Amino acid sequence: MDTLEDNLTGSIDPADLPEPASPPWWIILTTVIVCYLTLVQVLRFRALRSLERKYAKYVADPYALNYRQAAEIMRLHQLRDTPFLFYFGTQWALVKSYGMATGTPLLVRTRQLCDPARVGRRAEDTAILLLELLVGDIDSERGRRATARLNWMHARYAARIVQGDYVHTMALFVLEPSRWIDRYDWRPLTHLERVAYFVYWKELARRMGFAHLVPDTLEALEEWKQDYEAKHMYFIPENRTVTESTVGLFMRGVPRFLHGFVRALFVSFIDEKPVREALGFPEPPRWAAVLTPTVLRLRGFVIRHFFLPRLAPMDPMARPGEDGRLYRDARFVGFEPWYVADTWYNRLMLWVTSGGQISLSEKFQKGYVPEELGPVEFEKLGKDEIYREAEKINTYAIQGDGQIGGGCPLAFG
């Protein structure tokens, strides 16, 4: 028996056994792809669902939010989910505001947005002020000074600014980003997010002294905007003058042979005929009118199904330097690198993002403080008034009745 067992076991050499067959490469690849796409679907809406659970009691009545809660809600689409079209829509709100015949004559008269030597810095200062107010903490020292600076600049032209234009510009800032996001990004904004953004902007309007002119709901604001545009949005030469200056800003660094292509795309973004006519632009070429929405929708589809969500929110806020001034990250420069520190990283980022067209010369490197933003001739003016107003806003924000953002902190010029 032992001999038989030895013969049976000894007759099979382990080295002679065939190795286990490995799965074909295409099965491994398919498994990896399926797992990745499943992970995308699992994680894509996780941050939104978490936010909705936190603010579930406000879903039925989001107008009950206070502005601090609204700020937290809107950070999701501003900085994580849909930042590109949020900021694009905000920028486009400014372009659309140039169709208002009540506002552009003042812009032309002051030459702040028409002089090629000024328009780049004015665009960057406007973007910085919006960041300070929309992404930063408006109750912080720098947020209060940014608000006071904006009020101080508006007060310089108070007699020539139509009050309704304040509300209309606010309406554009509130409605335009969501319009672009809802149509073209990987997900539309929820009703909670849209109303939260309105609630936050109404608080800004309160601090700027025109909240009493703002309708009570988002829907009412949209109706008000349509009525106001029907009366005041029409072509005058100043509209085209200001808009052409913006077109020129977009075309900086674009090779001359591509100017016609870029201009056609610019006009195709103005997809509302009344706005286009008020700005003095013709119909875009058919190819541009088709290309623009197609590319944007394709982008949204690809992000929705093939890209993992951001692990952390973007942080476009400027950082304080050793000299106490604020310095921007070169990644968030729009047209000119104002207030960017001279570091190898910033020089590299500017070279990469601009294709070598933008360099960091000395005039751009000094940093900023909120109370100096705006027209260069006003840079050193009004500081004492701004500090006093910032302190009044602070008193208003921490008022003792426990209500956040109630009442008007002061009367603005």
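Residues numbered from 1 in each chain as written. Predicted model: local features only at pLDDT ≥ 70, side-chain atom pairs only at ≥ 80, totals over all residues. Heavy atoms only, no water.

Things to note about the overall build of the chain
A count of helices and strands for the chain gives 17 helices and two strands. The C-alpha radius of gyration of the chain comes to 27 Å, more than 25% above the 22 Å expected for a compact globule of 413 residues. Each principal axis of the C-alpha atoms in the chain carries an extent, and together these give about 115 × 60 × 50 Å. Split into buried and exposed, the 413 residues of the chain put 47% on the buried side. (Helix = DSSP H or I, 4+ residues; strand = E, 2+ residues; numbered from the N terminus. Rg over C-alpha atoms; globule rule 2.2 N^0.38 Å. Buried < 20%, exposed > 50% of the residue type's maximum accessible area, 1.4 Å probe, protein only.)

Overview of the environment of L360
Mapped onto the fold, L360 is located in the loop between helix 16 (344-354) and helix 17 (383-397). Taking relative accessible area as the criterion, L360 reaches 4% and is therefore assigned buried. In this structure, the C-alpha to C-alpha distance between L360 and V340, residues 20 residues apart in sequence, is 7.8 Å. For L360, the residues in contact, after removing those within four places along its chain, are P337, V340, A341, D342, N346, R347, L350 and Q365. (Contact = heavy atoms within 4.5 Å.)

Focus: the packing of aromatic side chains
Scanning the model with the defined rule gives 28 aromatic pairs in all. Taking 4.9 Å as the distance between ring centres and 75° as the angle between the ring planes, the aromatic pair formed by F88 and W180 counts as edge-to-face. On the criterion of sequence distance, the pair formed by F88 in helix 5 (residues 83-97) and W180 in helix 9 (residues 163-184) is long-range, its members being 92 residues apart. You'll find F88 and W180 in the same group, each marked buried. On the basis of an interplanar angle of 65° and a centroid distance of 6.5 Å, the ring pair of W92 and F250 is categorised as edge-to-face. Placement of W92 in helix 5 and of F250 in helix 12 (residues 237-250) is noted, with a sequence separation of 158 residues between them. Taken together, F84, F88, W92, W180, Y184, F250, F266, F269, F281 and F335 form an aromatic cluster joined through their ring pairs. The cationic tip of R240 hangs over the ring face of F281; the distance from NZ or CZ to the ring centre is 4.6 Å. (Phe/Tyr/Trp six-rings, centres within 6.5 Å; stacked < 30°, edge-to-face > 60°. Lys NZ or Arg CZ within 6 Å of the ring centre and 35° of its normal.)

Points about the side chain of E371
Tracing the backbone shows E371 in the loop between helix 16 and helix 17. Here Y387 takes part through its side chain, which lies 3.1 Å from a polar atom of the side chain of E371. Not counting residues up to four positions away in its chain, the partners in contact with E371 are R145, R149, E379, K383, I386 and Y387. (Polar contact = N/O pair within 3.5 Å; in protein donor to acceptor, adjacent residues only side chain to side chain.)

Let's talk about the packing of helix 3 (residues 46-54) against helix 4 (residues 67-81)
The axes of two packed helices give the description: the angle between them and the distance between them. Contact geometry for helix 3 and helix 4: axes closest at 10 Å, N-to-C directions at 170°. One element, helix 3, and the other, helix 4, form an angle in the roughly antiparallel class. Contact residues: A47, L48, L51 and K54 in helix 3; E72, I73, L76 and R80 in helix 4. Across the contact of helix 3 with helix 4, the residue classes break down as five nonpolar, no polar and three charged. (Axes fitted to C-alpha atoms, helices over the stretch in contact; angles between N-to-C directions. Parallel < 35°, antiparallel > 145°, perpendicular 65-115°, else oblique. Nonpolar A, V, L, I, M, F, W, Y, C, P; charged D, E, K, R; others polar.)

Structural notes on the layout of surface pockets
The computed volume of the second largest pocket comes to approximately 250 Å³. Looking at the second largest pocket, it is lined by 18 residues, and the ones nearest its centre are L175, S178, R179, R194 and E222. At the level of elements, helix 9, helix 10 (191-208) and helix 11 (218-232) are the ones that each hand at least two residues to the lining of the second largest pocket. Taken together, the residues of the lining of the second largest pocket sort by class into five nonpolar, four polar and nine charged. (1 Å grid on protein atoms, 1.4 Å probe; cavity = no way out; pocket = protein on both sides within 12 Å on 5 of 7 lines; lining within 4 Å. Points joined across faces, edges and corners; volume = space filled by probe spheres on them.)

Brief notes about the packing of helix 8 (residues 141-156) against helix 17
Where helix 8 meets helix 17, the axes come as close as 8 Å, and the angle between the chain directions of the two elements is 125°. Overall, the two elements helix 8 and helix 17 adopt an arrangement that is oblique. As for the relative orientation of helix 8 and helix 17, their crossing is right-handed in sense. Along the contact surface, helix 8 presents R144, R145, T147, A148, R149, N151 and W152, while helix 17 presents E385, I386, Y387, E389, A390, E391, I393 and N394. Classifying every residue of the contact of helix 8 with helix 17 gives six nonpolar, three polar and six charged. (Left-handed = near helix turned anticlockwise from the far one by under 90°.)

A short note on empty space enclosed by the protein
Evaluated as defined, the whole model comprises one cavity of 30 Å³ or more. Looking at the largest cavity, its volume works out to about 70 Å³. Looking at the largest cavity, the residues that line it are I128, L131, E132, P316, M317, A318, R328, F332 and Y368. Looking at side-chain class alone, the lining of the largest cavity contains seven nonpolar, no polar and two charged residues.

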